[in-house]
Amino acid sequence: MSIRTATLNGVATIEIARPEKKNALTVAMYQAMAEALEAAAADKAVRAVLITGQPGIFTSGNDIEDFMQRPPGQGGSNGAESPVFRFMRALLACDKPVVAAVTGAAIGIGTTMLLHCDFVYVSDEARLAMPFVSLGLVPEFASSLLLPPLLGQAKAAEKLLLGEPFTPEQAVDAGIANAVLPATEVVNHARRVAERFNALPPGAVQGAKKLLRGPQREAILATIKTEGELFAQRLRSPEAMEAFQAFFQKRKPDFSQF
Ligand code: COA
C-alpha cells in the first residue's frame, strides 16, 4: 500500500508514500485516499485533515502507466465513477479543513488538488506544475476555472498551456499557498496549523468553510464535468500516447506528425 493513514490528536493524516515512483498516484492509491477522506469526514474525533508526501516529492501526479492501461473513463463513460473522481469528490465535499504539506514537486493533479485544499504550505524545494498540454491532455478538476482569477488570464496561460512551473514564492503570491517553509519544517508546520482546529468550535468551522467555498460550488462542479469529458477523450488521443511513450522511453515527445 502506498498510502499511509493515521489519526492522531484530532488530525487525520494521509501520506502519499511511493517514493520509488516519485509518489505517482495509481487507481488503488486514489481509492485509498478517497476512503481515508470519507472516513475522516465521518469521524467526530477528526477536526482537520493533513495531506502530505515524502521528502523532496509531494506527488508526480497520475501514474502514467495507469493513464495508458487503466484510464478513467474506461468503458466509454467520462470517468465520473473512477477512483480519481471519487477522491476529488471527497476532497471537495470534505467539510473539515484540509491542510496540505507540499514536501517537494507537485505535478499535475498534485497541484490541482491544492486548489481544493484550505491551507497549503510549500517546501522551499518544491515546484508546482500542470503540464497537461505537454502530455496531450487538458486541465482537470476545475483548474481551468480557478487559475485565471488567481493569476490573471495571461499568467494562467503560461501555467496551463505551456506547463511552466510555479516557484513556491509564486504559489504564495498567487494565493495558491499560504507560506514557504524550509523543507525540514513544512510537515510539522502544516500539522500545527491542522491541530489548531482542536481548539475551535467544529460546527462554526464547518459552517465557515461551506460559506467560503459556496459561491463557486456549482460552477466548479460544472467545469469538472466539462473538463472530465474532454480529458477522457484526450487520454485516448494519439498525441497523449506519443507523450506517454516518450516519458517511459526517456526521450522528448515528437508532435510534428499531428
Ligand atoms: N507515472 C509513472 N511513473 C513515474 C511518474 C509518473 N507520473 N513519475 C515518475 N515516475 C517513475 C519514473 O518512470 C521512474 O521510474 P524508473 O525508476 O522505473 O525508471 C521513477 O519514477 C523515478 O522518476 P525519474 O523521472 O527518474 O525522477 P526524476 O527525479 O528525474 O524526476 C519528476 C522527477 C517528478 C520531475 C519526473 O519523474 C516527472 O516529470 N514525472 C512525470 C510527471 C508528469 O508528467 N505527471 C503527470 C501529470 S498529469
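Residues numbered from 1 in each chain as written. Predicted model: local features only at pLDDT ≥ 70, side-chain atom pairs only at ≥ 80, totals over all residues. Heavy atoms only, no water.

Q: Looking at this structure, I do not really get the overall build of the chain. What am I missing?
A: A tally of regular secondary structure across the chain gives eleven helices and nine strands. Expected size for 258 residues packed as a compact globule is a radius of gyration near 18 Å; at 18 Å, the chain falls within 12% of this value. Seen through its C-alpha atoms, the chain measures out along the principal axes to roughly 60 × 40 × 40 Å. Residue pairs at least 24 apart in sequence account for 71% of intrachain contacts in the chain once pairs closer than 6 positions are excluded. Total accessible area computed for the chain in this model is approximately 12100 Å², and 57% of it derives from carbon and sulfur atoms. In the chain, 26 positive and 26 negative side-chain charges are present, and the distance between their average locations comes to 3 Å. (Helix = DSSP H or I, 4+ residues; strand = E, 2+ residues; numbered from the N terminus. Rg over C-alpha atoms; globule rule 2.2 N^0.38 Å. Contact = heavy atoms within 4.5 Å. Areas by Shrake-Rupley, 256 points an atom, 1.4 Å probe, with all protein chains shown as cover. Lys, Arg positive; Asp, Glu negative; His and termini not counted. Charge placed at Lys NZ, Arg CZ, Asp CG, Glu CD.)

Q: Any chance you could explain the pattern of salt bridges here in plain terms?
A: Using the criterion set out here, one finds eleven salt bridges in the structure. We note a salt bridge from Arg4 to Glu15, for which the minimum N-O separation is 2.9 Å. On the criterion of sequence distance, the pair formed by Arg4 in strand β1 (residues 3-8) and Glu15 in strand β2 (residues 11-16) is long-range, its members being eleven residues apart. Measuring nitrogen to oxygen at the nearest pair gives 3.7 Å for the salt bridge that ties Lys155 to Glu158. (Salt bridge = Lys/Arg side-chain N within 4 Å of Asp/Glu carboxyl O.)

Q: Just to check I follow, could you spell out the packing of aromatic side chains for this structure?
A: Geometrically, a pair of aromatic rings is defined through the distance of the ring centres and the angle of the planes. Following the criterion strictly, the structure yields eight aromatic pairs and no others. Each residue in the set Phe67, Phe132, Phe231 and Phe244 is aromatic and connected to the rest through ring pairs, giving one cluster. Over the ring of Phe166 we find Lys159; its NZ or CZ atom is 4.7 Å from the centre of that ring. (Phe/Tyr/Trp six-rings, centres within 6.5 Å; stacked < 30°, edge-to-face > 60°. Lys NZ or Arg CZ within 6 Å of the ring centre and 35° of its normal.)

Q: Any chance you could explain the site of the ligand here in plain terms?
A: The environment of the ligand is made up of 15 residues, and the closest members are Lys21, Ser60, Asn62, Ile64 and Lys250. Interatomic distance of 3.3 Å between a side-chain N/O atom of Lys22 and an oxygen atom of the ligand. Protein coverage of the free-state accessible area of the ligand, which is 870 Å², stands at 66%. Residues of the shell around the ligand, tallied by class, amount to seven nonpolar, three polar and five charged. (Near = heavy atom within 4 Å. Polar contact = N/O pair within 3.5 Å; in protein donor to acceptor, adjacent residues only side chain to side chain. Nonpolar A, V, L, I, M, F, W, Y, C, P; charged D, E, K, R; others polar.)

Q: Got a minute to help me understand the packing of helix α5 (residues 143-151) against helix α6 (residues 153-160) in this structure?
A: A pair of packed helices can be characterised by two numbers: the angle between their axes and the separation between those axes. With their axes 7 Å apart at the nearest point, α5 and α6 run at an angle of 135 degrees to one another. Classed by the angle they form, the pair α5 and α6 counts as oblique. Between α5 and α6 lies a crossing of right-handed hand. Across from Ser143, Ser144, Leu147, Pro148 and Leu151 in α5, the residues of α6 making contact are Gln153, Lys155, Ala156, Lys159 and Leu160. (Axes fitted to C-alpha atoms, helices over the stretch in contact; angles between N-to-C directions. Parallel < 35°, antiparallel > 145°, perpendicular 65-115°, else oblique. Left-handed = near helix turned anticlockwise from the far one by under 90°.)

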